[in-house]
Amino acid sequence: MEYRIPGLQQAELAFTGEIILRTTCMFLLIIILLRLTGRRGVRQLTLFEVAMILALGSAAGDPMFQKEVPVFYAIVVFGIVLAWYKLITFLASRSKLLTRLLEGKEMVVVKNGMFNIEENRRTDFSQNEFFAELRNQSVEHLGQVKIALLEVDGTMSILRYPEQEVRYGLPLFPVDTTATDNHAPRVCTFCGKVEESGSRILRCSRCGKNEWTTAINTA
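Criteria and thresholds
Residues numbered from 1 in each chain as written. Predicted model: local features only at pLDDT ≥ 70, side-chain atom pairs only at ≥ 80, totals over all residues. Heavy atoms only, no water. Buried < 20%, exposed > 50% of the residue type's maximum accessible area, 1.4 Å probe, protein only. Pairing = 2+ DSSP bridges. Helix = DSSP H or I, 4+ residues; strand = E, 2+ residues; numbered from the N terminus. Phe/Tyr/Trp six-rings, centres within 6.5 Å; stacked < 30°, edge-to-face > 60°. Lys NZ or Arg CZ within 6 Å of the ring centre and 35° of its normal.

Description of unusual backbone geometry
Move 1: With phi around 55 degrees, Asn112 is a residue other than glycine that occupies positive phi space.
Move 2: With a phi close to 65 degrees, Ser138 is a non-glycine residue in the positive phi region.
Move 3: Of the residues examined, Ser138 reaches a relative accessible area of 60% and is grouped as exposed.

See below:
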C-alpha cells in the first residue's frame, strides 16, 4: 500500500526539491555578499552594516520558498545593495561627517581611572555592561585603566597605566559595597572616585551617590 502524507500533492513534493536548491543558492549568495563587504565577523559590523543585512532579509528569504519570486530577482537586489554599500563606504572613507552619521562615534567609558559618567548618561548602556566588558579583558579595577573606549563596532579598546603608575580604583568583581578597611582609600561604587582613608564624606562629590567600598591598587 502506498503511503501518502495527507494534503501533500506530487507538485508540492517536486517544489520541495526546488526549495532545497533555492535555499542553498540564497545561502551561498548571503555568504558571498558578506565576504565581499570585507568583514571577517559579525562583531566587526557597524550599525550601517547591520541595517544593510536586515534590509536584505526579505530579498534572501522570499525566493527560498515562493514560486512567484525568481532567484534572479534576488541576485539583482543583492548586486544593487552591494554596489550602494561600496559607494557609500568609499564616500565615508573621505568624509568624517558621513562616517559619523552612518556609524556614530567611539565613546569614552573610563578616563583616568574613573567611570566617565558625563558622556555615558547620553547612552542606553548600563554601567554593569561596561564593567562586564572590562572584566572580560582581565581588568581587576578601574585604577588600572588610563582610558577605555567603546568602539563603533562594539569592541572595547583599553589603554592601561604602566604597572608603576597603577592607582587605587574601583574593584570590578562583585564585592561588598560597604567599605571595611579603614586604612585604605574608599571608592564610590558608581563613578569610581577615590577618597583618602579617614574621609568622612557621605556623598560622592562627583556623582552624588553615597555607596562606597574599599579601593584596591593591585597591578
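With respect to the sheet that holds strand E5 (residues 186-188)
Move 1: Taken together, the three strands give an open sheet; going across it, the order is E6-E5-E7, and neighbouring strands pair in antiparallel fashion. Lying at the two open borders of the sheet, with one neighbouring strand each, are strand E6 (194-195) and strand E7 (212-214).
Move 2: When E5 meets E7, the two strands line up antiparallel, connected through three bridges. The residue of E7 that forms the bridge with Val187 is Thr213.

Quick word on the pairing of strand E1 (residues 107-111)
Move 1: Among the five residues in E1, four count as buried, and that is most of the element.
Move 2: Examined bridge by bridge, E1 and strand E3 (residues 145-150) share four bridges and lie antiparallel to one another. Looking across to E3, one finds that Met107 is bridged to Leu150.
Move 3: With two bridges connecting them, E1 and strand E2 (residues 114-115) associate as antiparallel partners. Bridge pairing in E2 places Val110 opposite Phe115.
Move 4: The antiparallel pairing of E1 with E2 creates a hairpin that spans two residues between the two strands, and Asn112 there sits at a positive phi of about 55 degrees.

Some remarks on the packing of aromatic side chains
Move 1: Overall, the coordinates contain three aromatic pairs when judged by the stated rule.
Move 2: On the numbers, 5.4 Å between centres and 75 degrees between planes, the contact of Phe115 with Phe131 is edge-to-face. In this pair, Phe115 is assigned in strand E2 and Phe131 in helix H7 (residues 127-136), connecting sequence segments 16 residues apart.
Move 3: Using a relative accessible area of 5% as the deciding quantity, one classes Phe131 as buried.
Move 4: Consider the rings of Phe115 and Phe190, whose centres lie 6.3 Å apart with planes at 85 degrees: the pair is edge-to-face. Here Phe115 is found in strand E2, whereas its partner Phe190 is found in the loop between E5 and E6, with 75 residues between them in sequence.
Move 5: On the basis of relative accessible area, Phe115 is assigned to the buried category, the value being 4%.
Move 6: Overall, the relative accessible area of 27% leaves Phe190 in the partly exposed class.
Move 7: Among the aromatic residues, those joined into a cluster by ring pairs are Phe115, Phe130, Phe131 and Phe190.
Move 8: The ring of Trp212 carries Arg186 above its face, with NZ or CZ at 4.6 Å from the centroid.
Move 9: Sitting over the face of the ring of Phe190, Lys209 holds its NZ or CZ atom 5.1 Å from the ring centroid.

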